[in-house]
Amino acid sequence: MPLGAGAPAGVAVPPQRGAARPAAVRRPLPPWVALALVTLAGVASAAQGAANGELGSRVGHATLAAVVNNLGGTLLVVLGLAVLPSMRTGLAALRRQRLPWWSYLGGLGGAAIVVLGAYLVPALGVAVFTIAQVAGGSLGGLAVDRAGLAPVGRLALTGPRIAGGLIGVAAVALAQLGQPVGELAVGLVLLAVAGGVAVALQTALNGRISAASSAAAGVAVNFAVATPAVLLVAALAGALAGPDSGWPTAWYLYTGGLLGVAIVAGLVVGVRAAGVLRTGLALVAGQLGGALLLDTLLPGGPGARPAVLAGAALTLLAVVVAGRAPRRPKGRPTG
């Protein structure tokens, strides 16, 4: 069935009569609770980025760090299949839903941003890459919500939602003041924007999967799709030969998979309650807050930077603004 025909796009097809409905389908979390969880997932994302970045630097290949990240997440998913009934029952329910095949491709968005980040950050610099990615995420969030790909259905392209997206981009630009800027090649910047759009699609499609089954099943499908894609890219890049000087022994460098599972879980919970745009903005707010904590707590860090704190606060404001209902024009007096 094409988008726009029949049931609203992005709304999970209900199970057949007599089939058990997963709890996740019956009762999504209140938006403020879901967005708070997404913000915590953003803090985890900042820690994941730091761990993966250092691991990539030590092993001499950023794509190899992405492989370790995804394999770690996949191992946790396999463990979850053994100990979490919600994952097993969710996957069983998913088989009955008969969702379109493209609904299962959300993990490719996560794989895309991991690979793009590995190659674009050294060329563009962290600041330009981050701003371009968030711009793409805001643009993609507005478009995906408007198309109704997320489980909340279609969300109109209103003034507050556009303003929230613009405030989010401005907040990230503010937070990146003073960061090094690399080569401003238009093609590379557009690739970073495309990476942000890919993350918006990932969030929406994983949300569809979780709404049709369970959040745990949505996480499992994400890693089942993303990990083979990352392995393929790593094989083509020659990264699977292993590190040049052995594997580092610091345990925290291998926590990317665990943090990745937490991030994906937060996103599939958030998108069901608040849509893609607000979920993405809440994730960015958490990332900036997490970066501020890392800068302050890690030995040798730059310490608390007012620009990052202001950017995090401004991004939270963007989440609030994007959730406001548009003003309705006053009716003309009659008679």
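Residues numbered from 1 in each chain as written. Predicted model: local features only at pLDDT ≥ 70, side-chain atom pairs only at ≥ 80, totals over all residues. Heavy atoms only, no water.

**Quick word on helix H2 (residues 31-59)**
So, step 1. Compared with an ideal rise of 1.5 Å per residue, which puts 29 residues at 42 Å, H2 spans 41 Å between its outermost C-alpha atoms and is within 8% of the ideal.
So, step 2. Where H2 terminates, the next one or two residues include Gly 60, which has phi positive at roughly 85°. (Helix = DSSP H or I, 4+ residues; strand = E, 2+ residues; numbered from the N terminus. Expected span 1.5 Å × (residues − 1).)

**Observations concerning the environment of Val 126**
So, step 1. Mapped onto the elements of the fold, Val 126 is located in helix H6 (residues 126-147).
So, step 2. On the basis of relative accessibility, which here comes to 41%, the residue Val 126 falls in the partly exposed class.
So, step 3. Taking the C-alpha atoms as reference points, Val 126 and Gln 179, 53 residues apart in sequence, are found 7.2 Å from one another.
So, step 4. Those residues in contact with Val 126 that lie beyond four places of it in its chain are Val 121, Gln 176 and Pro 180. (Buried < 20%, exposed > 50% of the residue type's maximum accessible area, 1.4 Å probe, protein only. Contact = heavy atoms within 4.5 Å.)

**Focus: the pattern of salt bridges**
So, step 1. Applying the stated criterion across every chain, the model contains three salt bridges.
So, step 2. Its salt-bridge partner being Glu 54, residue Arg 58 comes within 2.5 Å of it at the nearest N-O pair. Here Glu 54 and Arg 58 lie together in helix H2, a separation of four residues that amounts to about one turn.
So, step 3. Exposure remark for Glu 54: the relative accessible area of 28% places this residue in the partly exposed category. (Salt bridge = Lys/Arg side-chain N within 4 Å of Asp/Glu carboxyl O.)

**Observations regarding the packing of aromatic side chains**
Within a pair of aromatic rings, the relevant descriptors are the distance that separates the centres and the angle that separates the planes.
So, step 1. What the rule picks out here adds up to one aromatic pair.
So, step 2. Ring geometry for Trp 251 against Tyr 252: centres 6.1 Å apart, planes inclined by 90°, an arrangement best described as edge-to-face.
So, step 3. Owing to a relative accessible area of 66%, Trp 251 belongs among the exposed residues under this scheme.
So, step 4. According to the relative accessible area criterion, Tyr 252 is partly exposed, its value standing at 35%. (Phe/Tyr/Trp six-rings, centres within 6.5 Å; stacked < 30°, edge-to-face > 60°.)

**Remarks on the nonpolar core**
So, step 1. The biggest cluster of nonpolar side chains holds 16 residues, and the ones touching the most others in it are Leu 281 and Leu 283.
So, step 2. When contributions to this core are tallied by element, the ones reaching two or more residues are H2, helix H10 (256-297) and helix H11 (306-322).
So, step 3. If you tally residues by element for this core, the top one is H10, at eight residues.
So, step 4. Not counting residues within four places of it along the chain, the set of residues in contact with Leu 283 comprises Val 38, Ala 41, Gly 42, Ile 263 and Leu 267.
So, step 5. Counting residues in hydrophobic clusters, the runner-up holds 14 residues, among them Leu 55, Val 59, Ala 111 and Val 230. (Core = buried A, V, L, I, M, F, W, Y, C linked by side-chain atoms within 4.5 Å.)

**Some remarks on the confidence of the model for the chain**
So, step 1. Summarising the model, the chain shows a mean pLDDT of 86, and 90% of its residues fall at 70 or more.
So, step 2. Summarising per-element confidence for the chain, the mean pLDDT is lowest in helix H1 (residues 23-26) (45) and highest in helix H7 (residues 159-175) (95).
So, step 3. Here residues 1-25 is a poorly scored stretch, pLDDT under 50, and it has 46 contacts once near neighbours within four places are set aside; other chains count. (pLDDT = per-residue confidence, 0-100.)

**Side note on helix H3 (residues 62-83)**
So, step 1. For H3, spanning 22 residues, the distance from its first C-alpha to its last is 32 Å, which sits close to the expected 32 Å at 1.5 Å a residue.
So, step 2. The complete set of buried residues in H3 reads Thr 63, Leu 64, Ala 65, Ala 66, Val 67, Asn 69, Asn 70, Gly 73, Val 77 and Gly 80.
So, step 3. Residues of H3 that are buried sit in contact with H2, helix H4 (85-97), helix H5 (106-124), helix H9 (215-237) and H10.

**Points about the packing of H3 against H9**
So, step 1. Where H3 contacts H9, the two axes come as close as 9 Å, and the packing angle between them is 150°. One element, H3, and the other, H9, form an angle in the roughly antiparallel class. Note on packing geometry: the crossing formed by H3 with H9 is left-handed. Listed contacts from H9 to Thr 63, Ala 66, Val 67, Asn 70, Leu 71, Gly 73, Thr 74 and Val 77 of H3 are Val 219, Ala 220, Phe 223, Ala 226, Thr 227, Val 230, Leu 231, Val 233 and Ala 234.
So, step 2. A breakdown of the residues in the contact of H3 with H9 according to their chemical character gives 12 nonpolar, five polar and no charged. (Axes fitted to C-alpha atoms, helices over the stretch in contact; angles between N-to-C directions. Parallel < 35°, antiparallel > 145°, perpendicular 65-115°, else oblique. Left-handed = near helix turned anticlockwise from the far one by under 90°. Nonpolar A, V, L, I, M, F, W, Y, C, P; charged D, E, K, R; others polar.)

**Side note on unusual backbone geometry**
So, step 1. You will see that Arg 98, though not glycine, has its phi angle at about 55°, which is positive.
So, step 2. Of note, Arg 98 is situated in the loop between H4 and H5.

**A word on the environment of Gly 141**
So, step 1. Among the structural elements, Gly 141 can be located in helix H6.
So, step 2. Along the backbone, Gly 141 and Gly 280 are 139 residues apart, and their C-alpha atoms lie at a distance of 7.4 Å.
So, step 3. Among all residues touching Gly 141, those that are not within four sequence positions of it are Arg 161, Ala 200, Val 276 and Leu 277.

**Here's the deal with a nonpolar patch on the surface**
So, step 1. A cluster of nonpolar side chains, Leu 76, Leu 79, Val 83, Leu 84 and Leu 258, forms an exposed patch at the surface whose accessible area comes to about 440 Å².
So, step 2. Tallying contributions element by element places H3 first for the nonpolar patch, with three residues.
So, step 3. Here Leu 258 shows up in helix H10.
So, step 4. Residue classification places Leu 258 among the exposed residues on the basis of a relative accessible area of 55%. (Patch = residues over 30% accessible without salt bridge, like charges linked within 9 Å, V, L, I, M, F, W, Y side chains within 5 Å. Areas by Shrake-Rupley, 256 points an atom, 1.4 Å probe, with all protein chains shown as cover.)

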